[in-house]
Each structure stands twice: as C-alpha cells, then as structure tokens.
Amino acid sequence: MKKILFYIPFVALILSCSKDEINTYNESKDAVRFAANIQIRSHETDSVNGSYMSVDSLLECNFSFIEYPDSESFTYDIPLTLIGKIADHDRIVKYKVESKSNAADYEIKEALIPAKKYTGHIRVILKNTTELNDTTYQLFIQLLSSADLKVGPSNYSKAKLTWNNQIPYPPHNNLRRSYNMLVYSTLNFVSTSAAIVSPNALRAIVAATGWNDWDNTDIHGNRANGPAYGYYKYLPQYRWIYTGNSYKGYAAKLGDYLMKYKKEHGSPLLHDAGSYKGQPIQARTY
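A quick note: this is a predicted structure, and the numbers were derived from the prediction, not measured.

Colleague: I'm lost on the overall build of the chain in this one. Help?
Modeller: Of the regular secondary structure elements, the chain holds 5 helices and 14 strands. Contacts in the chain between residues at least 24 apart in sequence constitute 69% of all its contacts with a sequence separation of at least 6. Counting only carbon and sulfur atoms, one obtains 47% of the accessible surface of the chain, whose full area is about 14200 Å².

The structure is reproduced here in structure tokens:
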C-alpha cells in the first residue's frame, strides 16, 4: 500500500475565493479548514506526483491509479490546516460525507490534527477496481464544528476527492493548447478548450510521444511543469512545442500511432469522452 504525504507552501496559487463568502467564526476558539494550496509528494520516493486544484470554494483532490496499477488500494490524505494554537493531544476533526459513489470503493480511516502540529488530514483508503478504467469515483466531504475545533472560513470547508485509472485531464490552459495542437477538431489549434479532451486520446498521445515526465526538472529544467501547472506529467506547455514548429512533428507521430492502432485492431481508436465521444481520434495535419 502506497501513501502520500503533503508539503503545504502557503502561496496564493490554486484556491480562488471571494471575501464575501467568508463566514465569521469565533476567533477565541481554535478552528480547522482544508488547506489552501497543496503539493503532493510520494512518501516512498519523495518525488512530486501532482497537485490539487481548487475552484468555486471547493478543494478538488484528484488521484489516478495509472502509476500504481498493481496496488489494491492507496492511502490518500486530504490535508487540513489548524487555525489557532497547537495542542499537546490529537484533536479529532468532525465531518460529514455529503455524497459518494459507493461506500465499498473507499474507507475513511481517520480525521485529525495530530498533537503539536498545525496540519492534519482526513485519511482515505481508495480501492482499486476494474471499473476505474472507465469510471471516476467521487467523494464529497464537508467539515463540521465540534467541541474542540470550530470550522474555519466557509470557502475552505468543503472538498471533493475523485479517483480513477486514467491519465488526469490537463489542468491548465497552456497544457490544453498542447493537446489541441495534436488532436484534430474544429477548434483552433491553439484553443484552450477542454471540450474534446478524452482519456483515450490522452493515452494515445502518451503512447505516441513517450511523454510521462514533464514534471521532472532534472530532465526538462525550467520547461518542467511546476505547481502552476499541477506538476502535470503528460503534456508540455504549448510554448515549448510551438517554438520551432515541433508540434507538427509530434502530431505526425500521433497520426502514425493511430494508423498502427487501426491496422492492429481492425477499427480506429475512438474518443471515449467529450464532444467527440464515439468518433475516431484523428491527429491534426499541417
């Protein structure tokens, strides 16, 4: 069983919020909230695996088993932040599950702020199932007040955890541009739209290009995807393939892969999501 630990740099990067939405709470009482900005690191390798994205007052936590295909489960910590003073004992965090996919697909082990710590977690055991190949499970959690800890600002009190066995969708406009440079659609080739993004097309791009390390600064230097790009591994920022027109060569590689796939399987690879769902995936031609 793998485990993730979280290092939490407090910079204004991911979670957007409106001051009007912040509820008041008793400042004389310690409180708890979900963390505002998170980088995820592997407990065993200490290598960056990704990051959370948050919009609309909801901390969005995303995980894929694609890099852990042999794991039956994964221990995932949704990070919490203490507002107030540390204590010399563990403090249990109260919460409720607002909605979920299936209780058999996960298990919440604990929710707490450990003794003498300003950070804590809601620890969830995610189960790996064959359904995750084409299904995304979801878990919504709302923090509640307890006798020991009140709930902090309301726009830091909800979280959504999703998990599957697919390549994560590109989380930034400049990554979606790279996708649209390679995959044919009626969109402009530098469009930032995610309308035609599909897991099958992402898998095809990775298979054709070998891209799975764009978070690695040892390999890509300052071109690597940092926290602003969710440490995304599977696509480069569009500017790195736009300069010098190298995107044309990568699109040709994708076209060759799709032709080979059709020859080997007797039918084309189809989009399995998005507005082109059910249609053959095609590479752009230039």
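Colleague: What should I look at first to understand the packing of aromatic side chains in this one?
Modeller: Under the definition given, this model contains 17 aromatic pairs. A network of ring pairs unites the aromatic residues Phe63, Phe65, Tyr68, Phe74 and Tyr76 as a single cluster. Over the ring of Tyr238 we find Arg177; its NZ or CZ atom is 4.9 Å from the centre of that ring.

Colleague: Is there a simple way to think about unusual backbone geometry in this case?
Modeller: The backbone of Lys116 shows a phi angle near 60°, a positive value even though the residue is not glycine. Examined against the element boundaries, Lys116 turns out to sit in the loop between β10 (106-113) and β11 (119-127). Relative accessible area serves as the criterion here: at 60%, Lys116 is assigned to the exposed category. Non-glycine residue Tyr231 carries a positive phi angle of around 50°. Within the secondary structure, Tyr231 is located in the loop between α3 (217-220) and α4 (238-242). The exposure class of Tyr231 is buried, given its relative accessible area of 9%.

Colleague: I'm lost on the packing of helix α2 (residues 199-209) against helix α5 (residues 246-265) in this one. Help?
Modeller: Each packed pair of helices is defined by two parameters, the angle between the axes and the distance between the axes. Between α2 and α5, the shortest axis-to-axis distance is 9 Å and the interhelical angle comes to 105°. Here α2 is positioned roughly perpendicular relative to α5, judged by the angle of their axes. Between α2 and α5, the residues in contact are Ala204, Ile205, Ala207, Ala208 and Thr209 and Tyr250, Lys253, Leu254, Tyr257 and Leu258, respectively.

Colleague: Help me understand the side chain of Asp30 in this model?
Modeller: Here Asp30 is to be found in the loop between β1 (2-7) and β2 (31-34). One polar contact links the side chain of Asp30 to the main-chain amide nitrogen of Lys85, over a distance of 3.2 Å. Polar side-chain contacts of Asp30 include one of 2.9 Å to the side chain of Arg91. When neighbours within four sequence positions are excluded, Asp30 is seen to be in contact with Leu82, Ile83, Gly84, Lys85, Arg91, Asp148, Leu149 and Lys150.

Colleague: Hey, could you run me through the nonpolar core in this one?
Modeller: Soluble globular proteins tend to pack their nonpolar side chains together in the buried interior. In this structure, Tyr179, Val183, Ile205 and Leu254 are the most contacted members of the largest nonpolar core, which totals 31 residues. Breaking this core down by element, the ones donating at least two residues are α1 (173-182), α2, α4 and α5. Sort the elements by how many residues they give to this core and α2 lands first, with 6 residues. Apart from the residues lying within four places of it in its own chain, the contact partners of Tyr179 are Ile196, Val197, Ser198, Ala201, Leu202, Ile205, Leu235 and His271.

Colleague: Before we go on, may I ask you to explain the pairing of strand β7 (residues 73-83) in this structure?
Modeller: Two faces belong to every sheet, and in a regular strand the side chains alternate between them. For β7, the tally of buried residues reaches 10 of 11 residues, placing the bulk of the element in the interior. Bridge count for β2 against β7 is 4 bridges, and the pairing is antiparallel. If you follow Arg33 over to β7, its bridge partner there is Thr81. In this sheet, β11 lies alongside β7 in antiparallel orientation, the contact comprising 9 bridges. Bridge assignment links Ile78 to a residue of β11, and that residue is Ile122.

Colleague: What am I meant to see in α2 here?
Modeller: Along an α-helix, residues three or four positions apart point the same way, because every turn accommodates 3.6 residues. Among the 11 residues that make up α2, 8 are buried, leaving the element largely enclosed by the rest of the structure. Considered for burial, the residues of α2 that qualify are Pro199, Ala201, Leu202, Ala204, Ile205, Val206, Ala208 and Thr209. Those residues of α2 that are buried lie in contact with α1 and α5. In the segment just after α2, Gly210 is the residue with positive phi, at about 75°.

Colleague: What is the right way to read the pattern of salt bridges from this model?
Modeller: Taken as a whole, this structure holds 4 salt bridges when the rule is applied. Among the ionic pairs, Lys109 bridges to Glu107, the shortest N-O distance being 3.6 Å. Since its relative accessible area comes to 36%, Glu107 is described here as partly exposed. Put simply, Arg123 and Glu110 hold a salt bridge, and the shortest N to O gap is 3.2 Å. One end of the pair, Arg123, is in strand β11; the other, Glu110, is in strand β10, and 13 residues separate them in sequence. Connected through salt bridges with shared partners, the residues Asp77, Glu110 and Arg123 form a single ionic network.

Criteria and thresholds
- Residues numbered from 1 in each chain as written.
- Predicted model: local features only at pLDDT ≥ 70, side-chain atom pairs only at ≥ 80, totals over all residues.
- Heavy atoms only, no water.
- Helix = DSSP H or I, 4+ residues; strand = E, 2+ residues; numbered from the N terminus.
- Contact = heavy atoms within 4.5 Å.
- Areas by Shrake-Rupley, 256 points an atom, 1.4 Å probe, with all protein chains shown as cover.
- Phe/Tyr/Trp six-rings, centres within 6.5 Å; stacked < 30°, edge-to-face > 60°.
- Lys NZ or Arg CZ within 6 Å of the ring centre and 35° of its normal.
- Buried < 20%, exposed > 50% of the residue type's maximum accessible area, 1.4 Å probe, protein only.
- Axes fitted to C-alpha atoms, helices over the stretch in contact; angles between N-to-C directions.
- Parallel < 35°, antiparallel > 145°, perpendicular 65-115°, else oblique.
- Polar contact = N/O pair within 3.5 Å; in protein donor to acceptor, adjacent residues only side chain to side chain.
- Core = buried A, V, L, I, M, F, W, Y, C linked by side-chain atoms within 4.5 Å.
- Pairing = 2+ DSSP bridges.
- Salt bridge = Lys/Arg side-chain N within 4 Å of Asp/Glu carboxyl O.

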